[in-house]
Amino acid sequence: MTTEVRYRRVLLKVSGEALMGSQGFGIDVAVADRIAADIAEARSLGVEISIVIGGGNIFRGVAVASKGGDRVTGDHMGMLGTVINALALRTSLIKMGVETIVLSAIAMPEICESFSQRTALAHQAAGRVVIFAGGTGNPFFTTDSAGALRAAEMGATALFKATQVDGIYSADPKRDPDAVRYDRLTHDAVLQKGLAVMDVAAVALARENHIPIVVFSIHEKGEFAKILSGGGRATIVTD
Ligand code: UDP
């Protein structure tokens, strides 16, 4: 079914932490299934969806560096964590009947296909949801930057950033009761105000490629599809 939607082709960035639910580490399969159900619902609107998944629920490179270890090795460990999450999310999506493929920025052919723009576009054209694992494939980057990068490579008309809250606030609304929520912002304003919604490199890359960033809550069931259909609650960042 194809209905009127706000964006036809989107890149969804899901942080690793979104998959861990309340358990504080790793993957809660029930939570992964719930997120997959939201993605399946959005897919049924006829929207082409690709996904960048983070790894913060498993490992972050800075954790190694902060204890005197080698940052590059830590980042390799973090990128491997994103592959574990990608496989978990693919498993949940396949359970929902959504054809899904994982493409990794780091070659591991026994486990999944390797990323190339050509392969990714071909899978998307064949109607599959594409999950990008391994971030950008480079240390010192984040999966937010991978989200902006893959959004540009896939020709996505919006970068959806799934967060813990329903948009961008002037401060962390869970800690600061005076935090103000924004409905709309420009990429420049996000950078100038230093709003911690995505890292600077990700916002700058989205700005350069004129890709809107839609920030919404992953905890609101059905919100992804609602926003795609023109409703819902989100902060929209545009030029
Ligand atoms: N990472 C990396 N290069 C990338 C993307 C990720 O080195 O292009 C590593 C980095 O160590 C990072 C970890 O993978 O801390 C997990 O990614 P991220 O922190 O972006 O995950 P999220 O916060 O979205 O769960």
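Not measured: the values here are computed from a predicted model.

Criteria and cut-off values
Residues numbered from 1 in each chain as written. Predicted model: local features only at pLDDT ≥ 70, side-chain atom pairs only at ≥ 80, totals over all residues. Helix = DSSP H or I, 4+ residues; strand = E, 2+ residues; numbered from the N terminus. Contact = placed C-beta atoms within 7 Å. UniProt positions renumbered as here; feature names shortened; annotations may be inferred. Expected span 1.5 Å × (residues − 1). Buried ≥ 20, exposed ≤ 12 C-beta atoms within 10 Å, placed from the backbone. Near = placed C-beta within 6 Å.

Examining the environment of D166
(1) Moving on: By secondary structure assignment, the location of D166 is in the loop between β6 (158-163) and β7 (168-169).
(2) Moving on: Spatially, the C-alpha atoms of D166 and A36 are 19 Å apart, while their sequence positions differ by 130 residues.
(3) Moving on: With residues up to four places along the chain from it excluded, the contact list for D166 reads F216, S217, E220 and R233.

Focus on the UniProt feature "binding site: ATP" (unreviewed entry) in the chain
(1) Moving on: Residues annotated in UniProt with the feature "binding site: ATP" (unreviewed entry) correspond here to K13, V14, S15, G16, G56, R60, T163, Q164, Y169 and D172. Considering the C-alpha atoms alone, the annotated residues occupy 160 residues of sequence and remain spread out, their largest mutual distance being 24.5 Å.
(2) Moving on: Structurally, Q164 can be placed in the loop between β6 and β7.
(3) Moving on: The contacts of Q164, once residues within four sequence positions are left out, are S217 and H219.

A word on helix α3 (residues 71-95)
(1) Moving on: Taking 1.5 Å per residue, 25 residues should reach 36 Å; α3 reaches 36 Å between its end C-alpha atoms and fits that length.
(2) Moving on: G97 occupies a position one or two residues after α3 and carries a positive phi of about 85°.

Remarks on unusual backbone geometry
(1) Moving on: Unlike most non-glycine residues, F140 shows phi in positive territory, near 70°.
(2) Moving on: Within the element layout of this structure, F140 appears in the loop between β5 (129-133) and α5 (143-154).
(3) Moving on: Owing to 11 C-beta atoms within 10 Å, F140 belongs among the exposed residues under this scheme.
(4) Moving on: We note that H210 has phi near 55°; this positive angle belongs to a residue other than glycine.
(5) Moving on: Within the element layout of this structure, H210 appears in the loop between α7 (200-208) and β10 (213-217).
(6) Moving on: According to the C-beta neighbour criterion, H210 is exposed, with 11 such atoms within 10 Å.

With respect to the site of the ligand
(1) Moving on: Lining the immediate environment of the ligand, one finds 23 residues, of which G54, G56, G61, G78 and G135 sit closest.
(2) Moving on: Of all the elements in the fold, those that place two or more residues in the shell around the ligand are α3 and α5.

Describing the UniProt feature "domain: Aspartate/glutamate/uridylate kinase" (unreviewed entry) in the chain
(1) Moving on: Sites flagged by UniProt as "domain: Aspartate/glutamate/uridylate kinase" (unreviewed entry) map to residues 9-217.
(2) Moving on: Taken end to end, residues 9-217 comprises 39% helix and 20% strand; its first and last C-alpha atoms sit 19 Å apart.

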